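# Geometric and topological summary
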Amino acid sequence: MATEELRRRVDQIWQRIFAHPFVVELYAGSLPMEKFKYYLLQDYNYLVNFAKALSLAAARAPGVDLMKTALELAYGTVTGEMANYEALLREVGLTLKDAEAAEPNRVNVSYMAYLKSVCALEGFYHCMAALLSCFWSYMEIAEVHREKLAANPVAVYRKWASVYLSQEYRALVSKLRGVLDASGLSAEGLWPYFKEASMYELEFWQAAYEGH
């Protein structure tokens, strides 16, 4: 399967993500709250643009079913996922206005520009390969650090991370993998997009840890 090969190839990058101090400290509960607040503000902006990328992907879809898949994901991002983020913002003393006013850092800007350009100019499946990296890596991060999370003393960190351990989230990742595996494209053709997005994921965690 193409996605199995993509996962094998990207392992070195993802291992660096799993071991990143932001991720480790977040799941252990030792991450300073100010770093988490900064991450939330940046990630809210990311979600807005992620939904735009999905909408662009829908326009490139080769069939109605795949167009519906992309639009459903976009809708879910701007409704359910953003609603969850608004609740998290309130829990840490931030507001939606704070999120809307936050200036995206350079990694965030570059990452979003990359995703939107791929989804607007490249093929539908190339776009989905780039988008899959975020969905899938978050699920694996949660699996790798599941035991740390169980002992995490910070309620808001547990609430944030538990989403990525849910059956619903696992089903979503499986569905996206299925789309790519059913495309008939080889991992070789999808790899550049999956790898680039994975590198951006690593850089996004680093930027969140550094606060710029």
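Structure report, in brief.

How each quantity is defined
- Residues numbered from 1 in each chain as written.
- Predicted model: local features only at pLDDT ≥ 70, side-chain atom pairs only at ≥ 80, totals over all residues.
- Heavy atoms only, no water.
- Helix = DSSP H or I, 4+ residues; strand = E, 2+ residues; numbered from the N terminus.
- Buried < 20%, exposed > 50% of the residue type's maximum accessible area, 1.4 Å probe, protein only.
- Contact = heavy atoms within 4.5 Å.
- Polar contact = N/O pair within 3.5 Å; in protein donor to acceptor, adjacent residues only side chain to side chain.
- Phe/Tyr/Trp six-rings, centres within 6.5 Å; stacked < 30°, edge-to-face > 60°.
- Core = buried A, V, L, I, M, F, W, Y, C linked by side-chain atoms within 4.5 Å.
- Salt bridge = Lys/Arg side-chain N within 4 Å of Asp/Glu carboxyl O.
- Disulfide = S-S within 2.5 Å.
- Arc of directions from axis to C-beta.
- Axes fitted to C-alpha atoms, helices over the stretch in contact; angles between N-to-C directions.
- Parallel < 35°, antiparallel > 145°, perpendicular 65-115°, else oblique.
- Nonpolar A, V, L, I, M, F, W, Y, C, P; charged D, E, K, R; others polar.

### Points about the environment of D181
Along the chain, the position of D181 falls in helix 11 (residues 167-181). A relative accessible area of 21% means that D181 is categorised as partly exposed. Each C-alpha atom of the pair D181 and M139 lies 19 Å from the other, and the pair is 42 residues apart in sequence. Among residues more than four places away in sequence, those in contact with D181 are M1, A2 and T3. Here T3 takes part through its side chain, which lies 2.9 Å from a polar atom of the side chain of D181.

### Re the packing of aromatic side chains
Across all of its chains, the model carries 25 aromatic pairs by this definition. Summarising the aromatic geometry, the rings of Y39 and W160 are spaced 5.8 Å apart at their centres and angled 90° between planes, so their arrangement reads as edge-to-face. With Y39 in helix 4 (residues 33-60) and W160 in helix 10 (residues 155-162), the pair connects residues that are 121 residues apart, well separated along the chain. For the pair formed by Y39 and W160, the shared burial category is buried. Here the aromatic rings of W136 and F194 are separated by 6.1 Å at their centres, their planes lie at 55°, and the arrangement is tilted.

### What to know about the nonpolar core
The biggest cluster of nonpolar side chains holds 84 residues, and the ones touching the most others in it are Y27, F36, Y39, L115 and W160. Element by element, the count of residues in this core is highest for helix 8 (residues 124-144), at 15 residues.

### A closer look at the pattern of salt bridges
The tally for this structure, following the rule as stated, stands at 10 salt bridges. The partner of R7 in a salt bridge is E140, and the shortest N-O contact between them spans 2.9 Å. Of this pair, R7 sits in helix 1 (residues 2-9) while E140 sits in helix 8; the two residues are 133 residues apart in sequence, bridging distant segments of the chain. Neither residue differs from the other here; R7 and E140 are each classed as buried. For R146, the salt bridge goes to E143, with nearest N and O atoms at 3.2 Å. According to the relative accessible area criterion, E143 is partly exposed, its value standing at 30%. Among the charged side chains, a salt-bridge network with shared partners connects E5, R8, R9 and E188.

### Here's the deal with the state of the cysteines
What the rule picks out here adds up to one disulfide. Not engaged in a disulfide, the cysteine C134 finds its nearest cysteine sulfur in C119; these two sulfurs lie 12 Å apart. Since its relative accessible area comes to 10%, C134 is described here as buried.

### Digging into helix 10
Every buried residue of helix 10 is accounted for by V156, Y157, W160 and A161. What you see down the axis of helix 10 is that its buried residues fit within an arc of 125°, all on one side.

### Quick word on the packing of helix 4 against helix 7 (residues 106-121)
The relative placement of two packed helices comes down to the angle between their axes together with the axis-to-axis distance. Direction vectors running N to C along helix 4 and helix 7 enclose 10°, while the axes themselves pass 8 Å from each other. Put simply, helix 4 runs roughly parallel to helix 7. Between helix 4 and helix 7, the contacting residues are Q42, N45, Y46, N49, F50, K52, A53, L56, A57 and R60 on the first element and N108, Y111, M112, L115, K116, C119, A120 and L121 on the second. Residue composition of the contact of helix 4 with helix 7, grouped by class: 11 nonpolar, four polar and three charged.

### Some details on helix 1
Those residues of helix 1 lying buried are A2, T3, L6 and R7. The arc that holds every buried residue of helix 1, seen down its axis, measures 135°, which confines them to one face. Where helix 1 is buried, its residues meet helix 2 (11-18), helix 8, helix 11 and helix 12 (187-210).

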